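Given next are the chains, with one letter for each unit.
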Amino acid sequence: MKIIMLGAPGAGKGTQAINIAKEYDIPHVSTGDIFRANIKNGTELGNQAKAYMDKGMLVPDELTIGMLLSRISEPDCEKGYVLDGFPRTIPQAESLKKALTERGEAIDAAVDIEVPDEEILVRMTGRRSCPQCGATYHVSFNPPKAQDVCDRCGHALTQRSDDKPETVKERLSVYHAQTKPLIEYYGNEGVLRQVDGTMKPDEVFSAIMEALK
Ligand code: ADP
Ligand code: AMP
């Protein structure tokens, strides 16, 4: 199963990708998490990516595409994967398609989680993330069992530096200009599945499972 998550920043891609990965026993591949791990480890790629991420801009395709294609060539991705945060531009989608076609493979489904912009700001400013395992929470809508501690791995939760209101607004405008056209792209590819992302997280998950049947 090869699944792509689409939707605005804060729509719930990461939250649902973790559930989908568990359900199908496939890896959750988040380009945002890979960039953040590189920043934490002080790599050259991390230093380059940070400058863009801090401004709410996309990391250039030249840095992102190779990184993702190399990740999905690893042995654990042979049985499939859930891509969260990739592709974010048409050239990224085309590069992915080309690489998969060369291997005789294709994307099975692109799940678009639909949430209006007004709700995004509330979700992102209340988001808390685990820098260790990538799990995400919300202070009101999806709180961890113990305050500021990750349910999955016990690490202390943090607030992402790009979840400030000014940066969120920039990320939303980048989404509308560069990423939203992917909805039409995957519609034309015949693999688009759209779900209402305004319901509770477990209801959104059930809707996704229904759409993937
Ligand atoms: P994305 O990966 O699309 O940026 P996240 O999965 O990190 O989004 O979710 C953004 C924020 O919204 C997090 O704080 C998360 O806990 C919260 N959230 C996710 N799904 C829902 C939902 N269905 N209802 C309310 N809040 C949600
Ligand atoms: P995310 O964790 O998916 O919200 O991504 C956080 C940030 O990482 C984004 O705002 C971008 O700056 C960068 N990023 C993640 N994935 C991509 C991608 N596919 N293309 C370009 N930039 C990305």
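Calculation criteria
Residues numbered from 1 in each chain as written. Chains lettered and ligands numbered in written order. Predicted model: local features only at pLDDT ≥ 70, side-chain atom pairs only at ≥ 80, totals over all residues. Heavy atoms only, no water. Buried < 20%, exposed > 50% of the residue type's maximum accessible area, 1.4 Å probe, protein only. Helix = DSSP H or I, 4+ residues; strand = E, 2+ residues; numbered from the N terminus. Arc of directions from axis to C-beta. Contact = heavy atoms within 4.5 Å. Near = heavy atom within 4 Å. Polar contact = N/O pair within 3.5 Å; in protein donor to acceptor, adjacent residues only side chain to side chain. Nonpolar A, V, L, I, M, F, W, Y, C, P; charged D, E, K, R; others polar. Areas by Shrake-Rupley, 256 points an atom, 1.4 Å probe, with all protein chains shown as cover. Pairing = 2+ DSSP bridges. Axes fitted to C-alpha atoms, helices over the stretch in contact; angles between N-to-C directions.

**Q** Talk me through helix H2 (residues 31–40); I want residue IDs and the actual numbers.
**A** Every buried residue of H2 is listed here: Thr 31, Gly 32, Phe 35 and Asn 38. Angular distribution of buried residues about the axis of H2 spans 125°; they occupy a single face of the element. Where H2 is buried, its residues meet strand S2 (28–30), helix H3 (44–53), helix H4 (61–71) and strand S3 (81–84). Gly 42 sits one or two positions beyond H2 and adopts a positive phi of about 65°.

**Q** Explain the site of ligand 1 residue by residue, including any values.
**A** In the region of ligand 1, 20 residues are neighbours, and Gly 10, Thr 15, Arg 127, Tyr 137 and Met 199 sit closest. Arg 127 places a polar side-chain atom, nitrogen or oxygen, 2.6 Å from an oxygen atom of ligand 1. Going through the elements one at a time, helix H1 (13–24), strand S6 (136–138) and helix H9 (201–212) are the ones with two or more residues in the shell around ligand 1. Here the residues of the shell around ligand 1 sort into 8 nonpolar, 8 polar and 4 charged.

**Q** For the site of ligand 2, give the residues involved together with the corresponding values.
**A** Near ligand 2 lie 16 residues; those nearest to it are Thr 31, Arg 36, Met 57, Gly 85 and Gln 92. Val 59 is positioned with one of its backbone polar atoms (N or O) 3.0 Å from a nitrogen atom of ligand 2. Measuring from a nitrogen atom of ligand 2, one finds a side-chain N or O atom of Arg 88 at 2.9 Å. If ligand 2 stood free it would expose 490 Å²; the protein chains cover 96% of that surface. Residue contributions to the shell around ligand 2 peak at 4 residues, all from H2.

**Q** For the environment of Gln 48, give the residues involved together with the corresponding values.
**A** Along the chain, Gln 48 turns up in helix H3. Relative accessible area serves as the criterion here: at 34%, Gln 48 is assigned to the partly exposed category. Distance from Gln 48 to Glu 23, taken between C-alpha atoms, is 34 Å for residues 25 residues apart in sequence.

**Q** Can you break down the sheet that holds strand S4 (residues 109–114) residue by residue, with the values?
**A** In spatial order, the strands read S2-S3-S1-S4-S7; together these 5 strands make up an open sheet with parallel pairing. For this open sheet the edge positions go to S2 and strand S7 (192–196), each flanked by a neighbour on one side alone. Direction aside, the axes of adjacent strands within the sheet are offset by 20° on average. As judged from the 4 bridges shared by strand S1 (residues 2–6) and S4, these two strands associate in the parallel manner. Directly across from Leu 6, in S4, lies its bridge partner Asp 112. Relative to S7, H9 is tilted by about 155°, and along the sheet it contacts S1, S4 and S7.

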